[in-house]
Amino acid sequence: MNDNLIRLGLLDEDDIILDEAALSLALLDHPEIDVAPYRALIDAATIRLAAAGSGAISAEDRADALALVLGEEFGFVGDRDTYDDPANADMIRVIDRRRGLPVSLSILYVGIARRLGWQADALDVPGHVLVMVGAEAAPVVIDPFRQGARVGPEQLAALVLAYTPGPAAAVSHVAAMGNRAVLVRLLLNQATRAEQAGKGRRALELYARMTHMAPEHGHAWWERARLELVDGDVAAARHSLSAMLEITRDPDLRAKVSATLESLVA
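Please read all numbers here as calculations on a predicted model, not as lab measurements.

(A) The arrangement of the packing of helix 6 (residues 102-115) against helix 8 (residues 179-196) in detail. Packing of helix 6 against helix 8 leaves a shortest axis separation of 10 Å and a crossing angle of 150°. Between helix 6 and helix 8, the angle is such that the two are roughly antiparallel. The interaxial crossing formed by helix 6 with helix 8 has left-handed handedness. Between helix 6, through Val103, Ser104, Ile107 and Arg114, and helix 8, the contact on the second element is made entirely by Asn179, Val182, Leu183, Arg185, Leu186 and Asn189.

Take a look at the structure:
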């Protein structure tokens, strides 16, 4: 297992630097690439944002500066034409192409904003990821997929209701994501697309990365065990399910995992 991945799994949540972590994950698939130019681009965007947002105190002004620098000047935008291209969740390729998924672009926005000490978080919206700039009491929400366009309350509610129809308030379905959750979301996009493309071994490798990076993420252990069984590795599946059982507190889920373990013959 890659040393960088192991170190990432050992970091405290608040010590994870999102953009740097996403680059480290991408390097697992590009060990031959010199990462220096990619870090240099992030540094250049940070310097430019510091200049463009030198007088930005309010969340509104900071959101506008982010959209100007990353969306307009650096040209990062959502890939609408080839949305399911695995390159859209690979930070190295995202930087190369200036195209990406909502989650990968959000990582850049959040990571670079935080380098200036600005408060920014990836916002988990059903079927989408946005960026929240400023404190939760009076935040500004922007969409990196649309080059940092503002997302007002009505637009946000429409996004939520498109996936969760009903009278429920949008706020109950939207939450800021922790750093590990964002990185898991990034890898999950890759794993889902790999399996859809018939690349089960690749998907298994990605779920294994998730469990090393975010061992408390039960879903990754379950999917890893499922693919290990598909691969015929019963011992590995039992290990994954046992690890999942150690972190699972939900009684129904524990019963499901225990029953699955009992059904397996080593």
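Still more ground to cover, so stick around.
(B) View of the packing of helix 8 against helix 9 (residues 200-213). Closest axis-to-axis distance for the helix 8/helix 9 pair is 8 Å, and the angle between their directions is 170°. Considering their axes alone, helix 8 and helix 9 lie roughly antiparallel with respect to each other. Crossing hand, helix 8 versus helix 9: left-handed. For the pair helix 8 and helix 9, contact is made by Arg180, Leu183, Val184, Leu187, Leu188, Gln190, Ala191, Thr192, Ala194 and Glu195 and by Arg202, Ala203, Leu206, Tyr207, Arg209, Met210 and Met213, respectively. Here the contact of helix 8 with helix 9 is composed, by residue class, of eleven nonpolar, two polar and four charged.

(C) Seen up close, the pairing of strand 5 (residues 140-143). With burial as the criterion, each face of strand 5 is covered, one bearing Val140 and Ile142 and the other bearing Val141 and Asp143. Two successive antiparallel strands, strand 4 (residues 128-133) and strand 5, enclose a turn made up of six residues, where glycine 134 displays a positive phi of approximately 95°. Two elements, strand 5 and strand 6 (residues 149-150), share two bridges in a ladder whose sense is antiparallel. Across the sheet, residue aspartate 143 finds its bridge partner in strand 6, namely alanine 149. Between strand 5 and the antiparallel strand that follows it, strand 6, lie five residues; glutamine 147 among them carries a positive phi value of about 55°.

(D) Layout of the environment of isoleucine 247. Relative to the assigned elements, isoleucine 247 resides in helix 11 (residues 234-247). Through-space distance from the C-alpha of isoleucine 247 to that of proline 31 is 32 Å; in sequence the pair is 216 residues apart. Among all residues touching isoleucine 247, those that are not within four sequence positions of it are Pro215, Glu216, His217, Gly218 and Trp221.

(E) Focus on the sheet that holds strand 4. Read across the open sheet, the five strands follow the order 6-5-4-3-7; overall the sheet is antiparallel. The open sheet terminates on both sides in strands that have one partner only, identified here as strand 6 and strand 7 (175-176). Alignment of strand 3 (residues 120-125) against strand 4, held across six bridges, turns out to be antiparallel. Bridge pairing links leucine 123 to leucine 130 in strand 4. Across the sheet, helix 4 (residues 59-73) lies against strand 4, strand 5 and strand 6, angled at about 10° from strand 5, the strand it touches most.

Cut-offs and rules
Residues numbered from 1 in each chain as written. Predicted model: local features only at pLDDT ≥ 70, side-chain atom pairs only at ≥ 80, totals over all residues. Heavy atoms only, no water. Axes fitted to C-alpha atoms, helices over the stretch in contact; angles between N-to-C directions. Helix = DSSP H or I, 4+ residues; strand = E, 2+ residues; numbered from the N terminus. Parallel < 35°, antiparallel > 145°, perpendicular 65-115°, else oblique. Left-handed = near helix turned anticlockwise from the far one by under 90°. Contact = heavy atoms within 4.5 Å. Nonpolar A, V, L, I, M, F, W, Y, C, P; charged D, E, K, R; others polar. Buried < 20%, exposed > 50% of the residue type's maximum accessible area, 1.4 Å probe, protein only. Pairing = 2+ DSSP bridges.

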